Amino acid sequence: MTQNIMKFRYTDGKPNLRRFHQARWDEPVIFELSQPGQRGVLLPEAESAIRDNVGDILSTIPETIRRKQLPALPEISQPQVLRHYLRLSQETLGADLNVDIGQGTCTMKYNPKVNEQLARLPGIAEIHPLQDEDTVQGILEIMYQFEQMLKEISGMARFSFQSQAGSQAIYTCTAIMRAYHQANSEADQRDEVITTIFSHPSNAACAKVAGYKIITLYPDEDGYPDLNALKEAVSERTAGLMITNPEDTGIFNPKITEFVKVVHHVGGLCFYDQANANGVLGITRARDAGFDMCHFNLHKTFATPHGCGGPGGGAAGVSEELAKFLPVPVVEWDGNKYYLDTNRPDSIGKIHSFYGVAPVILKAYAWVMSLGADGLREVAEVAVLNNNYLLKKMLEIPGVSAPYAVGKPRKEQVRYSWQALYEETGVSSEDIGLRAADFGLHYWTSHHPFVVPEPNTLEPTESYTKAEIDEYVAVIRQIADEARTDPELVKTAPHNSTVHRIVDHDPLDKPEQWAVTWRAYQRKLDQNKA
Amino acid sequence: MKTNREKHGKKQPVVYPYIPNSEPSIKQQMLDEIGVASVEALYEDIPEALRMKRKMDLPEPFLSEYDLIRHVEEILSHNATCKDHLNFRGAGCYQHFVPAVCDEINGRSEFLTAYAGEPYDDHGRFQALFEYSSMMGELLEMDVVNVPTYDGFQAAATSIRMACRLTGRNEALVCGAINPDKLSMITNYCLPDISINQIDIDRMTGNVDFSALERAISNKTAVVYFENPSYLGMIPISGAEIAEIAHKHGAECVVGVDPISLGVIAPPTVYGADIVCGDIQSLGMHMQFGGGQAGFIATRDEEKYVMEYPSRLFGITPTSVPGEYGFGDVAYERTSFAIREQGKEWVGTASALWGITAGVYLALMGPQGMAEVGEVIMQKSHYATKQLAAIKGVQSPMFDGPYFREFVVNFDGTGKPVAEINSALLAQGIFGGMDLSLKYPELGNCALFCVTELHRQADIDRMVTAVREVVQ
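Residues numbered from 1 in each chain as written. Chains lettered and ligands numbered in written order. Predicted model: local features only at pLDDT ≥ 70, side-chain atom pairs only at ≥ 80, totals over all residues.

Draft legend 1. Focus on the overall build of chain B. The helix and strand inventory of chain B stands at 15 helices and 14 strands. Considered along the principal axes of its C-alpha atoms, chain B spans approximately 80 × 60 × 50 Å. Within chain B, the fraction of its 472 residues that count as buried is 63%. A separation of at least 24 residues holds for 70% of the contacts in chain B among residues at least 6 apart in sequence. (Helix = DSSP H or I, 4+ residues; strand = E, 2+ residues; numbered from the N terminus. Buried ≥ 20, exposed ≤ 12 C-beta atoms within 10 Å, placed from the backbone. Contact = placed C-beta atoms within 7 Å.)

Structure follows, in structure tokens:
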């Protein structure tokens, strides 16, 4: 028994490593907390005069469409609801709590608390999107001014903030691409979109939804997008190119202008996925490389929180020529007041129910206003400095490599490979990631398919200290050591996280076993008993 | 003269509070470690022609946090809010009560700043979203509910695309009163392969025009979509018949709902819906100028439906330790994360935090709370309708059928345009009903009023009195 416990006391004698253990509340599923009759919150009732006036109101709903049985929701008192969710929150490793450089491509930077405070003011939280324009001049000003900032940061002519996240902004740009070719009577002919494997999968997936066939280019031997492959791929059928730069490898494509020219030459449009913009703010701009469109993720580059997966913000930017296709409405200034321009006949229409995630736009605006031009450039420079420092330190660990572009500096992130360690020990990159959870750290592999073998993508942003980066590296080094000395420890991780490894994936992949809701789970448990 | 910061600071350059390594000596240490002379060297591979040669032209920043607060507060003071005004606008974004615990939970650092961790380090995120789906499942009486998509618009558009993939057909019928903006979004999202046809409303009831539906439907129809309540607040009395017609022609029946109505209105699966979708903003999200929207999609637990979701679906599963709940992605291989353009539409960041919040809301409300809020909304909205009807020349409600929360009021008989009435109301601190004359000119001079559980009798009476004063 003692020996068994010692086995997991990996931090003993290693003072540099944190003796982390995540909260483990063994918290029941909320339905299990239910006690008949309990109430969590009481809402206002109708005054007696109203009740008398309207009578048995439910009888106005036709019998066939009236709810007969109350929904089987849990019945829980307020302190118990709060406690349950606080425990779940403690079992979630938010970026505020950890050295969150392990979720590469996600740009897990600091989300300033002051911006959260501002976004919760009644002046934003309690305004209705259909109020008269005169009564919402404040938020329209924020949206208008933030658009001016993004125009300067990207060189584009106009922006729309309707998208709730990056992928939706990418989709918006593919819809604009389609509208552009439609306007030129070339929509039928131009049915192909070209992207690269190291661009986010949404570039391919969104273009597919917009009706395009997808051509995916793989990198050349040095890891750069392959210019010759692009030249072979383009034709009169090319609608456009959708590409990230720097790509998810962190490698900046120095021939990017030539890529744009090749596509323009055949009449296609070029979209710059700027999910990886954090390292190039104030350094280089999408429009200056000739791109027709670009997008930013406000929840990445512009420091708004990720919220467990949204709401974020997607800013879609376009050239002057494409501005007329932007989603409706756009915010304008007539010299006297701000207004929403809905009279845009060439617009692709609506993307969002209203105007996008206004509080996120506000937070992004406040972030830029807290830094200014010098500050934004400092963001980029320090993000790149941190990343190249991390790269140097990571490469000192035996078993890891940074494939491609050897000797070149990377921008905001690096896609590493643990192939050598895997071949030596049988411990995979995924295993390393699960072991990292034991130290209170995130760790991400890569989008699929894995082009880099045993991939690992790290992005230190500008938000972490040198000491924190060193701590991250020390943990990874420790795990690499463990892979050699005690591979089972790594392969069975996590041990100090909230829960243990899921070994049987059938309950997530087999239709007769999967359960997306508690009711489905109960039903299937019963079926399996029977 | 130097500023205090310059006098007391060790070094001249600004050390930014959000950028710890902007401190010059640390920066130098790191450069030395990398072995380069300056940060500039790390950009050497960006061609000179692409380099920005000047400083970006951005406003001067507010380096002090206090100055930033003053600046933003000053701008926001130009907004009039629904706290200091009496609001009767809905039309897709609703002023409902937000329990304090909802704000407490979605403001927690852990949930607010988590993102895409594994089911181990982010166990709580997975469980909270599984519970959200589970509680929505009870409200909807359906076994599969997704992790929220962007908003109700997106949920409707994706539901229609799912139905088209399921049936292998490419014609959609959108029935009854639907927000024209939503129809625009759906139409665009379904380009280029799916045609969207709208079936009008019955002028008497405001409901789906049944005979028009029967004329339009065919064996090419993939999906019949309608809403309950509709954009104009109407409860479709013929929901079961619409579903039956759809099924007779081999089409899927998709119904859009606002879940806050489901304590009193039957879940659509009862009257034949195959896919249910909608927006969860009513369940604990502040209006936020439309920033609180989030969409849901629900189906039966059949493989053919599950495999058509683009969204993430979180399932419950055992771990290596007996008795421990684990959670993970169900049928991940259908997503664009797994197989790029071969996946179903796409998946990415959407509205998870609002899903967690809606879960908190449903847990607080419980079965009784949902029934009560539905009933009180109906009581108050019907009271408002009746009071308005007492004003000469005002037709309230305009349509005969049952309605929930929102109702159309026609002012033709008053001779006053809605815009004029609303501007008089605004002068008294009231946001009147949404002017429908632009979106629905054929209805005449109409407004869509929204009354929720937050309106007191005195609030409604004040609005009615103000309307009476304007029109008489």
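So much for the structure itself; the text now carries on.
Draft legend 2. Representation of the overall build of chain A in the model. A count of helical and extended segments in chain A gives 17 helices and 11 strands. Against the globule reference of 24 Å for 530 residues, chain A gives a C-alpha radius of gyration of 26 Å, in line with a compact fold. Counting across all 530 residues of chain A, residues that qualify as buried make up 59%. Residue pairs at least 24 apart in sequence account for 73% of intrachain contacts in chain A once pairs closer than 6 positions are excluded. (Rg over C-alpha atoms; globule rule 2.2 N^0.38 Å.)

Draft legend 3. Here's a closer look at the domain arrangement of chain B. Segmentation of chain B into domains returns domain 1 (15-75), domain 2 (86-94 + 368-471) and domain 3 (100-361). Each of domain 1 of chain B and domain 3 of chain B has a C-alpha centre, and the two are 43 Å apart. (Domains from an automatic or database assignment.)

Draft legend 4. View of the sheet that holds strand β5 (residues 269-273) of chain A. Residues and elements named next belong to chain A. As summarised here, the arrangement of the seven strands in space is β1-β7-β6-β5-β4-β2-β3, forming an open sheet in which the pairing is mixed. Looking at the sheet topology across the chains shown, the edges are occupied by β1 (158-163) and β3 (213-217). Each neighbouring strand pair of the sheet contributes to a mean axis angle of 20 degrees, computed without reference to strand direction. Note that strand β2 (residues 192-196) and strand β4 (residues 238-244) share four bridges and pair parallel. If you follow V193 over to β4, its bridge partner there is G240. Set on the sheet, helix α7 (residues 166-183) makes contact with β1, β4, β5, β6 (293-297) and β7 (314-318); between it and β7 the angle comes to about 25 degrees. Those strands touched by helix α10 (residues 256-265) are β4 and β5, and its axis lies near 165 degrees from that of β4. (Pairing = 2+ DSSP bridges. Axes fitted to C-alpha atoms, helices over the stretch in contact; angles between N-to-C directions.)

Draft legend 5. Structural detail: the packing of helix α3 (residues 78-90) of chain A against helix α13 (residues 352-389) of chain B. Where α3(A) meets α13(B), the axes come as close as 9 Å, and the angle between the chain directions of the two elements is 155 degrees. For the element pair α3(A) / α13(B), the angle class is roughly antiparallel. Between α3(A) and α13(B) lies a crossing of right-handed hand. Here A:Q78, A:V81 and A:Y85 of α3(A) come into contact with α13(B), specifically with B:V360, B:A363 and B:L364. The residue inventory of the contact of α3(A) with α13(B), partitioned by class, reads five nonpolar, one polar and no charged. (Parallel < 35°, antiparallel > 145°, perpendicular 65-115°, else oblique. Left-handed = near helix turned anticlockwise from the far one by under 90°. Nonpolar A, V, L, I, M, F, W, Y, C, P; charged D, E, K, R; others polar.)

Draft legend 6. Looking closely at the sheet that holds strand β13 (residues 434-435) of chain B. Here we have three strands laid out as an open sheet, ordered β11-β14-β13 (chain B), and antiparallel in their pairing. Looking along the sheet, the strands with just one partner apiece sit at the ends: β11 (406-410) and β13 of chain B.

Draft legend 7. Broad picture of the nonpolar core. One finds A:I176, A:I361, B:V224 and B:Y225 to be the most contacted residues of the largest nonpolar core, which totals 325 residues. Dropping the residues within four chain positions of it, B:Y225 is found in contact with B:A156, B:I160, B:A172, B:L173, B:V174, B:C175, B:V254 and B:G256. (Core = buried A, V, L, I, M, F, W, Y, C linked by C-beta atoms within 7 Å.)

Draft legend 8. Representation of the domain arrangement of chain A within the structure. You can read the domains of chain A as domain 1 (18-43 + 75-92) and domain 2 (117-369). Computed over C-alpha atoms, the centres of domain 1 of chain A and domain 2 of chain A are 40 Å apart.

Draft legend 9. Just the interface of chain A and chain B, in detail. Residue-level contacts link 177 residues of chain A with 178 residues of chain B. The element that contributes the greatest number of residues to the side of chain A that touches chain B is helix α11 (residues 358-394) of chain A, accounting for 22 residues. Across the side of chain A that touches chain B, the residue classes tally to 97 nonpolar, 51 polar and 29 charged.

Draft legend 10. Fine view of the pairing of β11(B). All names here are of chain B. With five of five residues buried, β11 lies mostly within the body of the structure. Of the two faces of β11, the one holding E406, V408 and N410 and the one holding F407 and V409 are both buried throughout. Judged from the five bridges that link them, β11 and strand β14 (residues 446-450) form a sheet pairing that is antiparallel. In the sheet register, F407 faces β14, and the bridge partner there is F449.

Draft legend 11. The environment of B:V467, seen in detail. Residues and elements named next belong to chain B. Position of V467 relative to the elements: it lies in helix α15 (residues 457-471). C-alpha of V467 to C-alpha of Y309: the two residues are 158 residues apart in sequence and 47 Å apart in space. With residues up to four places along the chain from it excluded, the contact list for V467 reads L388, I391 and I421.

Draft legend 12. Region of the structure containing helix α6 (residues 137-154) of chain A. All names here are of chain A. The end-to-end C-alpha distance of α6, which contains 18 residues, comes to 26 Å, matching closely the 26 Å that a straight helix rising 1.5 Å per residue would cover. Among the residues of α6, G138, I139, L140, I142, M143, F146, E147, M149, L150, I153 and S154 are the ones counted as buried. G155 lies just past α6 and shows a positive phi near 85 degrees. (Expected span 1.5 Å × (residues − 1).)

Draft legend 13. The environment of B:S218, seen in detail. All names here are of chain B. Looking at the element boundaries, S218 is found in the loop between α9 (210-216) and β5 (221-228). The class for S218 is exposed, based on 12 C-beta atoms found within 10 Å. Linking S218 and E171, residues 47 residues apart in sequence, is a C-alpha distance of 9.3 Å.

Draft legend 14. Representation of unusual backbone geometry within the structure. A:N245 connects to A:P246 through a cis peptide bond whose omega is -5 degrees. By the secondary structure assignment, A:P246 is in the loop between β4 and α10. Cis rather than trans, the peptide bond between B:L191 and B:P192 has omega equal to -5 degrees. Within the element layout of this structure, B:P192 appears in the loop between α8 (180-190) and β4 (195-199). Despite not being glycine, A:T105 has its phi angle at roughly 80 degrees, a positive value. Positionally, A:T105 belongs in the loop between α3 and α4 (113-119). Looking at A:T105, the number of C-beta atoms within 10 Å reads 24, which means it is buried. Backbone geometry at B:E345 places phi at a positive 45 degrees, although glycine is not the residue there. By secondary structure assignment, the location of B:E345 is in the loop between α12 (336-339) and α13.

Draft legend 15. Structural detail: the pairing of β6(A). All names here are of chain A. Most of β6 is tucked away, with five of its five residues classed as buried. Burial of the side chains of β6 extends over both faces: M293, H295 and N297 are buried on one face and C294 and F296 on the other. Pairing between β5 and β6: three bridges, direction parallel. Bridge pairing in β6 links Y272 to C294. Where β6 meets β7, five bridges bridge the pair, whose relative direction is antiparallel. When the sheet's bridge partners are listed, H295 is paired in β7 with A316.

Draft legend 16. Spotlight on the environment of A:I361. Residue and element names in this part refer to chain A. Relative to the helices and strands, I361 is located in helix α11. Residue classification places I361 among the buried residues on the basis of 26 C-beta atoms within 10 Å. For the pair I361 and G312, spaced 49 residues apart in sequence, the C-alpha separation works out to 9.0 Å. The contact partners of I361, leaving out residues within four places of it in the chain, are I142, M143, F146, F161, G313 and G356.

Draft legend 17. A look at the packing of helix α7 (residues 152-167) of chain B against α8(B). Residues and elements named next belong to chain B. Orientation of α7 relative to α8, taken along the N-to-C sense of each, is 40 degrees, at an axis distance of 9 Å. Looking at the two axes, α7 sits oblique to α8. As for how α7 packs across α8, the hand of that crossing is right-handed. Contacts from F153, A156, A157, I160 and R161 in α7 reach K182, M185, I186, Y189 and C190 in α8. Tallied by class, residues from the contact of α7 with α8 come to eight nonpolar, no polar and two charged.

Draft legend 18. Summary view of the confidence of the model for chain A. For chain A, mean pLDDT is 95; residues scoring 70 or higher make up 97% of the total. Here residues 4-13 of chain A scores under 50 on pLDDT; set against residues more than four positions off or in separate chains, the count is three contacts. (pLDDT = per-residue confidence, 0-100.)

Draft legend 19. Quick peek at the confidence of the model for chain B. Mean pLDDT over chain B works out to 96, with 98% of the residues at or above the 70 mark. We note a pTM of 0.97 for the whole complex and an ipTM of 0.97 for its interfaces.

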